[in-house]
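Here are the chains, one letter per residue:
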Amino acid sequence: MCINFGIIFVVYLYKEYNNFFKEVKMTVILVLSMIAIFLVIDYFYQKRTSKSTVFDEKPIQTELLRFNENELLVPQNIFFSKGHTWVSLKSSGNVQIGIDDLVKKIVGKIDKIATQPIGSKVKKGDVLFTIEQNGKKLNFLAPVSGIVYSINDLVLENTEKLRNGNYESNWLCTIQPENLSLEVKMLKIADEAVKWVRDEMSRIKDFIAGAKVENSLVGATLHDGGSPVYGSMEFMDENSWKKFEKDFLSE
């Protein structure tokens, strides 16, 4: 009798023990499952929050590319006019004409260039060619008188060449001069041209510092003698372009 009771009691304990660990096991599994679910939810929440934060952030205003006077190209055998065009004498007797490096750097991108047609007769001070950027225009005056002999179609069709080319390849037109011996005396060359370009650099820096520009970094540091930004005029309105033409491109 006692033996049977003992056996029954042992079986009962075994079942209870087994049920207890089953419950513990189920509880552990449930807890782990809940932890895993919370981790997954937190992961997607953090990921969504991170994306939202990046989307809502304002674009960072990065430093613009600047240049100094030592980077300006002023060849010793090229003549420069006060209207920021240059003149190169060719063995044929004709002269090639283009835009000087300082103004090219300040203007930046150029969408379109228009020149007087071949055969046109121009006097010194007449409009020789016009550049355009986003509907804003600058007129460049003829540094010498004569007849337009040829036009550089390669540059007119691909204005990027004007920005990246040198004085040998980025000319815009050639003229058969009519009064070169007299008019060339009004142009600057060699050391005189270098000094003039440096003075013009200072004047242009003052102009930019006082102009209304869309990007505050364009005029930053100029009051303290800093360097101007490439393509500064890309951030100026039409009125500033007109003032620039009046102040710097007149003969």
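Before reading on, note that the structure itself is shown above.
This write-up is about the structure you can find in this document. (Residues numbered from 1 in each chain as written. Predicted model: local features only at pLDDT ≥ 70, side-chain atom pairs only at ≥ 80, totals over all residues. Heavy atoms only, no water.)

## So, the pattern of salt bridges
Convention followed: By definition here, a salt bridge exists when the distance from a side-chain nitrogen of Lys or Arg to a carboxyl oxygen of Asp or Glu is within 4 Å. Elements are defined by DSSP. Helices are runs of H or I of four residues or more, strands are runs of E of two residues or more, and each kind is numbered from the N terminus. Remark: exposure states derive from per-residue accessible area (1.4 Å probe, protein chains only) relative to the maximum for the residue type, with buried under 20%, exposed over 50%, and partly exposed in between.
All told, the structure shown has seven salt bridges when counted by the stated rule. Residue Lys 105 pairs with Asp 101 through a salt bridge whose shortest N-O separation is 2.6 Å. Of this pair, Lys 105 and Asp 101 both sit in helix α2 (residues 101-107), four residues apart, roughly one helical turn. Exposure remark for Lys 105: the relative accessible area of 14% places this residue in the buried category. Two residues, Lys 121 and Glu 178, come together in a salt bridge whose shortest N-O distance is 4.0 Å. One end of the pair, Lys 121, is in strand β5 (residues 121-122); the other, Glu 178, is in the loop between β9 (173-177) and α5 (180-183), with 57 residues separating them in the sequence. Overall, the relative accessible area of 61% leaves Lys 121 in the exposed class.

## Re the sheet that holds strand β6 (residues 127-133)
How we decide: When DSSP finds two or more bridges between a pair of strands, those strands are recorded as paired. Here, axes are lines fitted to C-alpha atoms. For helices the fit covers the stretch in contact, and angles between N-to-C directions go from 0 to 180 degrees. Only heavy atoms enter the contact rule, under which two residues are in contact if any of them lie within 4.5 Å.
Ordered in space as β4-β6-β7, the three strands form an open sheet in which the pairing is antiparallel. Where the open sheet ends on each side, the last strands, each with one partner, are β4 (112-115) and β7 (136-141). For this sheet, the mean angle separating the axes of adjacent strands, direction not counted, is 20 degrees. The sheet contact formed by β4 and β6 spans four bridges and is antiparallel. Opposite Ile 113, over in β6, you have Ile 131 as the bridge partner. Packed onto the sheet, helix α8 (residues 238-248) meets β6 and β7 and runs at close to 5 degrees relative to β7.

## Focus: the packing of aromatic side chains
This is how it is decided: Between the rings of Phe, Tyr and Trp (Trp by its six-membered ring), a pair exists once the centres lie within 6.5 Å; its type follows the angle of the planes, with under 30 degrees stacked, over 60 edge-to-face, and the other angles tilted.
Going through the model one piece at a time under the given rule, you end up with six aromatic pairs. Each ring, one from Phe 207 and one from Phe 244, has its centre 5.5 Å from the other, and the planes form 65 degrees; the classification is edge-to-face. Taken as a pair, Phe 207 in helix α6 (residues 190-210) and Phe 244 in helix α8 lie far apart in primary sequence, 37 residues in all. Using a relative accessible area of 10% as the deciding quantity, one classes Phe 207 as buried. Since its relative accessible area comes to 0%, Phe 244 is described here as buried.

## Let's talk about the sheet that holds strand β2 (residues 85-89)
Strand order in the open sheet formed by six strands is β1-β2-β3-β9-β8-β5, with antiparallel pairing between adjacent strands. The open sheet has two edge strands with one neighbour each: β1 (79-80) and β5.

## Focus on unusual backbone geometry
We note that His 84 has phi near 65 degrees; this positive angle belongs to a residue other than glycine. Tracing the backbone through its elements, the reader meets His 84 in the loop between β1 and β2. On the basis of relative accessibility, which here comes to 1%, the residue His 84 falls in the buried class. The backbone of Ala 190 sits at a positive phi, close to 55 degrees, despite the residue not being glycine. Structurally, the position occupied by Ala 190 is in helix α6. Residue Ala 190 is classed as partly exposed on the basis of its relative accessible area, which comes to 21%.

## Overview of the environment of Val 197
Looking at the element boundaries, Val 197 is found in helix α6. For Val 197, a relative accessible area of 7% gives the class buried. Expressed as a C-alpha distance, the spacing of Val 197 and Leu 73, which sit 124 residues apart in the sequence, is 9.6 Å. Residues contacting Val 197, with those up to four places away along its chain left out, are Leu 72, Val 74 and Leu 102.

## Examining α8
The following threshold applies: Throughout, the arc means that of the directions going from the helix axis to the C-beta atoms.
Every buried residue belonging to α8 is among Ser 240, Trp 241, Phe 244 and Phe 248, and all of these are buried. Projected down its long axis, α8 carries its buried residues within an arc of 100 degrees, all on one side. Exposed residues pointing more than 90 degrees away from the buried face of α8 are listed as Asn 239, Lys 242 and Lys 246. Where α8 is buried, its residues touch α2, β6, β7 and α6.

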